[in-house]
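Next come the chains, spelled out residue by residue.
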Amino acid sequence: MKDTTVLIVSVLLILLTAVPGFVHNLPAFVIGSIIDLTIAGYFLYNERPWTGYKASVTSTYFSGLVALGGGLGVFLILPLEPRYFAAIALVDAIPFIVSFAFSLRFLKNLIRTGNILSTGNGFLALLLLVFIGGLVGRFLDNFYELIVVYSGFLIMGILAMMYFRK
């Protein structure tokens, strides 16, 4: 798949549910969610994530974008009536959970060989450090402490990504 096609599909998957959440339109959110689930189902069927590592990463990426768009739509509707939107976003997350379960099977081999931090050309190391920084930041209250913690862990993550790049 070409890079431009991946970009267009990625933006479309996020916007189909994020925009209706932003304008507080439940019917449009449901229609966007159905279209998103259809596209994610197509990638699940076409890529067959149970066949190999590369296929599982591809289907996890696109189904993760569906879940991200649903979550973003719920976040944007949060002050009003998130119950129905959240239920639909939960259904949107099911393909991601399935794809991620298939990906974990292939990640076990990477953990055994010790190449887990170089997965995704070092992006996994970046994400792990940013995630750890987010967890540490949850225990702090001061804005200035949070800026230092978040920027420090982001810088450490970028350095780790550069170190584990192939």
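Residues numbered from 1 in each chain as written. Predicted model: local features only at pLDDT ≥ 70, side-chain atom pairs only at ≥ 80, totals over all residues. Heavy atoms only, no water.

Novice: Sorry, what's going on with helix α1 (residues 3-22) here?
Specialist: An α-helical turn contains 3.6 residues, so any two residues separated by three or four positions project in the same direction. The end-to-end C-alpha separation of α1 is 28 Å, in line with the 28 Å expected for 20 residues at 1.5 Å each. L15 marks the point of greatest bend in α1, at about 35 degrees. Looking at α1, one finds that the buried residues are V9, S10, L13, L16, T17, A18, P20 and G21. (Helix = DSSP H or I, 4+ residues; strand = E, 2+ residues; numbered from the N terminus. Expected span 1.5 Å × (residues − 1). Bend = angle between axes of the 7 residues up to and from the residue. Buried < 20%, exposed > 50% of the residue type's maximum accessible area, 1.4 Å probe, protein only.)

Novice: In this structure, what is going on with the nonpolar core? I would like to understand it.
Specialist: If you look at the biggest cluster of nonpolar residues, it comprises seven residues: V9, L13, A40, F43, F62, L65 and V66. Looking at this core, the elements that each hand over two or more residues are α1, α2 (26-47) and α3 (53-77). With three residues, the top contributor of residues to this core is α3. Counting residues in each nonpolar core, the second largest holds six residues, with F29, F85, I88 and A89 among its members. (Core = buried A, V, L, I, M, F, W, Y, C linked by side-chain atoms within 4.5 Å.)

Novice: It is not clear to me how helix α6 (residues 123-137) should be interpreted in this structure. Could you clarify?
Specialist: Compared with the 21 Å implied by 1.5 Å per residue over 15 residues, the 21 Å span of α6 between its first and last C-alpha is a close match. Restricting attention to buried positions, one finds in α6 the residues A125, L126, L129, G133 and G137. Along the axis of α6, the buried positions cluster into a sector of 110 degrees, meaning they face one direction only. Every exposed residue of α6 that faces more than 90 degrees away from the buried side is listed here: L127 and F131. Check the buried side of α6 and you find it contacts α7 (143-164). (Arc of directions from axis to C-beta. Contact = heavy atoms within 4.5 Å.)

Novice: Whenever I open this one, a nonpolar patch on the surface confuses me. Can you help?
Specialist: Residues L7, V11, L15, V19, F22 and V23 make up a contiguous nonpolar surface patch of about 560 Å² in total accessible area. Relative to the helices and strands, F22 is located in helix α1. (Patch = residues over 30% accessible without salt bridge, like charges linked within 9 Å, V, L, I, M, F, W, Y side chains within 5 Å. Areas by Shrake-Rupley, 256 points an atom, 1.4 Å probe, with all protein chains shown as cover. Salt bridge = Lys/Arg side-chain N within 4 Å of Asp/Glu carboxyl O.)

Novice: Got a minute to help me understand the packing of aromatic side chains in this structure?
Specialist: In this description, a pair of aromatic rings is defined by centroid distance and the angle of the planes. Following the criterion strictly, the structure yields five aromatic pairs and no others. Aromatic pair F43 and F62: ring centres 4.0 Å apart, planes at 10 degrees, arrangement stacked. Residue F43 is found in helix α2, and its partner F62 is found in helix α3; the two are separated by 19 residues along the sequence. Geometrically, the ring pair formed by Y61 and F62 is edge-to-face, given 5.0 Å between the ring centres and 75 degrees between the ring planes. Judged by its relative accessible area of 3%, F62 is buried. Put simply, the rings of Y42, F43, Y61 and F62 pair up and form one aromatic cluster. (Phe/Tyr/Trp six-rings, centres within 6.5 Å; stacked < 30°, edge-to-face > 60°.)

None of the figures reported here should be taken as evidence of function without further support.
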